[in-house]
There are 2 protein chains.
Amino acid sequence: MNQAIETILNHRSVRNFEDKLLTREQIETIVKSAQAASTSSFIQAYSIIGITDRAKKEKFVEVVGNQPYVAANGHFFVFCADLNRHALLAEMERKDVLPSIESTEKFMVTLIDTALAAQNAAIAAESMGLGICYIGGIRNNLEEVQALLKTPEYVVPLFGMAVGYPAKLNDQKPRLPLEHVYMENEYTQDSELFKEQLEEYNQIISKYYKERTDGKREDTWTAQMAQMLERKSRMYMKDFINKQKLDLR
Amino acid sequence: MNQAIETILNHRSVRNFEDKLLTREQIETIVKSAQAASTSSFIQAYSIIGITDRAKKEKFVEVVGNQPYVAANGHFFVFCADLNRHALLAEMERKDVLPSIESTEKFMVTLIDTALAAQNAAIAAESMGLGICYIGGIRNNLEEVQALLKTPEYVVPLFGMAVGYPAKLNDQKPRLPLEHVYMENEYTQDSELFKEQLEEYNQIISKYYKERTDGKREDTWTAQMAQMLERKSRMYMKDFINKQKLDLR
């Protein structure tokens, strides 16, 4: 196994960081790594905002619902889906690109582009011995995030990423068995088999929690997911995205 | 620079592969690497379909508009955004999760989850000396892809990934300068500065094409992008996604 794969397979989210900031060089290596990712038709449809202002970092702690590691870390990045510079370049080139930019297809493109870049950033950071945690919690209140970051239309802050020197490493949670997720030639349209697979995975997860908590925590993946998904969360999102003039048609 | 970062920074899309299939072990390492990526609230909202059937691979060549490397490669993966098993697990747990699963927020979650996994797969493959190319072209005709893959509702095939032993390496295209993409504390809302930055980048790209084509190709990034975006492409996407019962509310 090579170092890149070792880094990838060794991933766990880190939520406790030492009180030590990243250097400019580390930040630039992470951003350059992000930019090296594949990008749909060379569109490069994202921006990355680093938060260095302490007061602003504390504001983010509030937005995400009191996760202290959003401020207490080595650096905090916000990854934004961004078609704003594409609207601008079209003005320069006198072309009408708005029907395209405002389409669901391009909304998907900018989300995928941003995520590919972010994952490169994550692997680069982890390969340097740093830990990372994605912060989807910024989507709890994108109106406020937008006010903090002054993002214009055609831009959507998608997630944060806390990076820093790990103070504590969590265990790795076992993923769905490979053969549940990986299929060949066609999708397994067999609900009974899927249910069996889910029961099998429940046993793995249940064993994991029991061992980790001295038998105290009883939980399964399906129970966890059903509970999480029963809660309607961030239902304002459609309106917000459309207000940014994305995913409109 | 460590091997992971070297792999990341050395990325270029490969579209010419040797006639040599990946081994089962290589495929599994790539899929396991994908699964090790961060996943929003542990939701693991994707499936990966490997295409081994030659006739089916040829069908994909047609769908994407005659890109022979979609069939001529070491392995062809299709990454699918997938909330289908979550709809199923909710039945098992007798919870109503549909308003949540059908929301724009969860559509974004499943897209981001899938892209993070895919980028891990890409880096893992490249670290083993393989080349990769994302195939967004499968979105040219998702009705046909869906028929080929038999994907059910709550599933959207997002992109393919051709993987294999590189027969020819392309040059790397220079990305937007770091300081255009990376900002601190707030978004640079200054159109004039943005336009200057775009002109600066145009010179870099123009020089790149000239050098690569012995002066034959004259092109800039803004011209390229404006032309690409002026074409309304895949405007059926919103209807398709909604038909899959995603991004509805």
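Definitions and cut-offs
Residues numbered from 1 in each chain as written. Chains lettered and ligands numbered in written order. Predicted model: local features only at pLDDT ≥ 70, side-chain atom pairs only at ≥ 80, totals over all residues. Helix = DSSP H or I, 4+ residues; strand = E, 2+ residues; numbered from the N terminus. Contact = placed C-beta atoms within 7 Å. Nonpolar A, V, L, I, M, F, W, Y, C, P; charged D, E, K, R; others polar. Pairing = 2+ DSSP bridges. Buried ≥ 20, exposed ≤ 12 C-beta atoms within 10 Å, placed from the backbone. Axes fitted to C-alpha atoms, helices over the stretch in contact; angles between N-to-C directions. Parallel < 35°, antiparallel > 145°, perpendicular 65-115°, else oblique. Left-handed = near helix turned anticlockwise from the far one by under 90°. Least-squares fit on C-alpha atoms with pLDDT ≥ 70 in both. pLDDT = per-residue confidence, 0-100. Expected span 1.5 Å × (residues − 1). Arc of directions from axis to C-beta. Core = buried A, V, L, I, M, F, W, Y, C linked by C-beta atoms within 7 Å.

Details of the overall build of chain A
Looking only at helices and strands, chain A has eleven helices and five strands in total. Its C-alpha atoms give chain A principal-axis dimensions of roughly 60 × 50 × 40 Å.

Focus: the environment of A:Gln227
In this fold, A:Gln227 is placed in helix α10 (residues 221–230). Sequence separation between A:Gln227 and A:Ser38 is 189 residues, and the spatial gap between their C-alpha atoms is 35 Å.

As for the interface of chain A and chain B
Taken residue by residue, the interface counts 98 residues in chain A and 98 residues in chain B. With 13 residues, helix α6 (residues 104–127) of chain A is the single largest residue contributor to the side of chain A that touches chain B. Here the residues of the side of chain A that touches chain B are counted per class, giving 48 nonpolar, 29 polar and 21 charged. With three bridges joining them, strand β5 (residues 182–184) of chain A and strand β1 (residues 46–51) of chain B adopt parallel strand pairing. From the neighbouring strand, A:Tyr182 faces β1(B), where its bridge partner is B:Ile48.

A look at the pairing of strand β3 (residues 131–135) of chain A
Successive residues of a regular strand alternate their side chains across the two faces of the sheet. Among the five residues that make up β3(A), five are buried, leaving the element largely enclosed by the rest of the structure. Neither face of β3(A) is left uncovered, since the one carrying A:Gly131, A:Cys133 and A:Ile135 and the one carrying A:Ile132 and A:Tyr134 both have all their residues buried.

Details of the packing of helix α2 (residues 24–35) of chain A against α6(A)
Residue and element names in this part refer to chain A. In contact at an axis separation of 7 Å, α2 and α6 are set at 140 degrees when each is read in the N-to-C sense. What the angle tells us is that α2 and α6 run oblique. In this structure, the crossing between α2 and α6 has a hand that is right-handed. Between α2 and α6, the contacting residues are Thr29, Ile30, Ser33, Ala34 and Gln35 on the first element and Ala117, Ala118, Asn120, Ala121, Ala124 and Ala125 on the second. The residue makeup of the contact of α2 with α6, split by class, is seven nonpolar, four polar and no charged.

Some words on the sheet that holds strand β3 (residues 131–135) of chain B
Strand order in the open sheet made by the five strands is β5(A)-β1(B)-β2(B)-β4(B)-β3(B), with mixed pairing throughout. Where the open sheet ends on each side, the last strands, each with one partner, are β5 of chain A together with β3 of chain B. On average, each strand axis in the sheet is inclined to that of its neighbour by 25 degrees, with strand direction left out of account. With respect to the sheet, helix α7 (residues 142–149) of chain B is in contact with β1, β2 (75–82) and β4 (155–164) of chain B, its orientation differing from that of β4(B) by roughly 80 degrees.

Points about the sheet that holds strand β4 (residues 155–164) of chain A
Spatially, β3(A)-β4(A)-β2(A)-β1(A)-β5(B) is the arrangement adopted by the five strands of the open sheet, whose pairing is mixed. If you trace the sheet from one side to the other, it starts and ends with β3 of chain A together with β5 (182–184) of chain B, each paired once. Taken over all neighbouring pairs, the strand axes of this sheet differ in orientation by 25 degrees on average, direction set aside. As paired strands, β3(A) and β4(A) are joined by five bridges and run antiparallel to one another. By the bridge assignment, A:Ile132 is partnered in β4(A) with A:Val163. The sheet strands contacting α2(A) are β1 (46–51), β2 (75–82) and β4 of chain A together with β5 of chain B, and the helix crosses β1(A) at an angle near 165 degrees. Against the sheet, helix α7 (residues 142–149) of chain A contacts β1, β2 and β4 of chain A, and its axis sits at roughly 80 degrees relative to β4(A).

A closer look at the relation of the copies chain A and chain B
Superposing chain A onto chain B takes a rotation of 180 degrees combined with a translation of 0.0 Å along the rotation axis, leaving an RMSD of 0.0 Å. A rotation of that kind, with that shift, is consistent with a two-fold axis. No C-alpha of chain A approaches the rotation axis more nearly than that of A:Ala4, which lies at 2.1 Å. With an isologous cut-off of 70% or more, the 100% of interface residues of chain A that recur at the interface of chain B puts this contact in the isologous class.

Looking at the confidence of the model for chain A
Of the residues in chain A, 100% have a pLDDT of 70 or more, and the chain-wide mean is 97. Scored as a complex, the prediction yields pTM 0.98 and ipTM 0.98.

Structural notes on helix α9 (residues 191–212) of chain B
Residue and element names in this part refer to chain B. Across its 22 residues, α9 extends 31 Å between first and last C-alpha, which sits within 8% of the 32 Å expected from 1.5 Å per residue. Here α9 has its buried residues at Leu198, Tyr201 and Ile205. Taken down its axis, α9 places every buried residue within 70 degrees of arc, on the same side. In α9, the exposed residues that point more than 90 degrees away from the buried face are Glu192, Leu193, Glu196, Gln203, Lys207 and Glu211. A positive backbone phi angle near 50 degrees is found at Asp214, which sits one or two residues after α9.

Let's talk about the nonpolar core
Counting 156 residues, the largest nonpolar core has A:Met161 and B:Met161 as its most contacted members. Among residues more than four places away in sequence, those in contact with A:Met161 are A:Phe77, A:Phe79, A:Ala118, A:Ala121, A:Ala122, A:Ile132, A:Tyr134 and A:Ile135.

Quick look at unusual backbone geometry
Phi at A:Asp247 takes a positive value of approximately 60 degrees, unusual for a residue other than glycine. If you trace the backbone, A:Asp247 turns up in the segment after α11 (237–243). Classification of A:Asp247 as buried rests on a count of 26 C-beta atoms within 10 Å. A positive phi is found at B:Asn185, a non-glycine position, where the angle reads about 70 degrees. One can find B:Asn185 in the loop between β5 and α9.

Here we look at the pairing of β2(A)
All names here are of chain A. Extensive coverage of β2 is indicated by the burial of eight of its eight residues. What you see with β2 is no split at all: His75, Phe77, Phe79 and Ala81 on one side and Phe76, Val78, Cys80 and Asp82 on the other are buried throughout. Here β1 runs beside β2; their pairing, made up of six bridges, is antiparallel. When the sheet's bridge partners are listed, Ile51 is paired in β2 with Phe76. Of the pairings in the sheet, the one linking β2 to β4 comprises eight bridges and is antiparallel in character. Looking at the pairing, Phe76 lines up with Ala162 of β4.

With respect to the environment of A:Val14
All names here are of chain A. Mapped onto the secondary structure, Val14 falls in the loop between α1 (3–9) and α2. Val14 sits 144 residues away from Leu158 along the chain, and the two C-alpha atoms are 19 Å apart. In this structure, Val14 is in contact with Gly131, Ile132, Cys133, Pro166 and Leu169, ignoring residues within four places of it in sequence.

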